[in-house]
Amino acid sequence: MIKALLFKDINALKRYARLLLVMAVVCSFLFKDQGSALIVMIYSASLMLTTMAIDEREHFLRRAISDSGRKKEIVGEKYILLLMLVGIAGVLSVILEYIMALFYHRPLAWDGVAMEILTGFAITSFSGSTTIPLTLKFGSEKARIILLLCYMVPAVFVIWLFSSIDITLSLPLIIIAAVLFSVLCNIVSFLISLRLLAKKDF
């Protein structure tokens, strides 16, 4: 069932794939000294809200639950899709950073790229895992403003933190912290989403 749900959502997001690519290229030129990956990853993760808005408009959850009753698969598929979107954006960002380094004839600081990707991974894990339960609770329209804050506030805070405070952490430590934080966010969010879906009155 999860494969069918993923196919449905990926098919619905096809029209946004071109926009994601254009945004990634434009951001790479605007932030030629690195910095585009964070924006691209946040935008990619925000596409989760688009799939949930489409489900809401087409009353998909009501039909899916009444037909199958597999609430864990329905909720879990959204988290798998979130991971896929963030992963694709991360790979795309690395490729574009490499191309920009060749284009501008500058050395590519792999540590800086890795730091940016991991920061984006942590932010989008928090923001994306917040998107799912909030949308289930309030609906896509009511939750849109709240979700905008969930994406923008962490991103602005992290950018301010790294620009204002001298932070020197080893890359392995950052990898461990980012992975643990992301796993924790998604586990807690998954459990909350399951409870919300069980209580949801269709």
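**Digging into the confidence of the model for the protein**
Phase 1: Looking at the protein, the pLDDT average stands at 77 and 82% of residues meet or exceed 70.
Phase 2: Per-element averaging of pLDDT across the protein places helix H7 (residues 140–164) at the bottom with 68 and helix H1 (residues 2–12) at the top with 85.

**Digging into the nonpolar core**
Phase 1: Val40, Met48, Leu61, Ile132 and Leu136 are the most contacted members of the largest nonpolar core, which totals 35 residues.
Phase 2: Contributing elements (two or more residues each) for this core: H1, helix H2 (14–30), helix H3 (36–57), helix H4 (60–67), helix H5 (71–103), helix H6 (110–138) and helix H8 (171–199).
Phase 3: Among the elements that take part in this core, H5 stands out by supplying eleven residues, more than any other.

**Remarks on unusual backbone geometry**
Phase 1: A positive phi angle is found at His59, which is not glycine, with a value near 55°.
Phase 2: Here His59 is to be found in the loop between H3 and H4.
Phase 3: A residue is classified by how much of its surface remains accessible, and His59, at 44% relative accessible area, is partly exposed.

**Points about the pattern of salt bridges**
Phase 1: Inspection of the entire model under this criterion finds four salt bridges.
Phase 2: One salt bridge connects Lys8 with Asp9, and the closest N-O pair in it is separated by 2.6 Å.
Phase 3: Relative accessible area serves as the criterion here: at 2%, Asp9 is assigned to the buried category.
Phase 4: The salt bridge involving Asp55 is made with Lys8; its shortest N-O contact spans 2.8 Å.

Rules and cut-offs
- Residues numbered from 1 in each chain as written.
- Predicted model: local features only at pLDDT ≥ 70, side-chain atom pairs only at ≥ 80, totals over all residues.
- Heavy atoms only, no water.
- pLDDT = per-residue confidence, 0-100.
- Helix = DSSP H or I, 4+ residues; strand = E, 2+ residues; numbered from the N terminus.
- Core = buried A, V, L, I, M, F, W, Y, C linked by side-chain atoms within 4.5 Å.
- Buried < 20%, exposed > 50% of the residue type's maximum accessible area, 1.4 Å probe, protein only.
- Salt bridge = Lys/Arg side-chain N within 4 Å of Asp/Glu carboxyl O.

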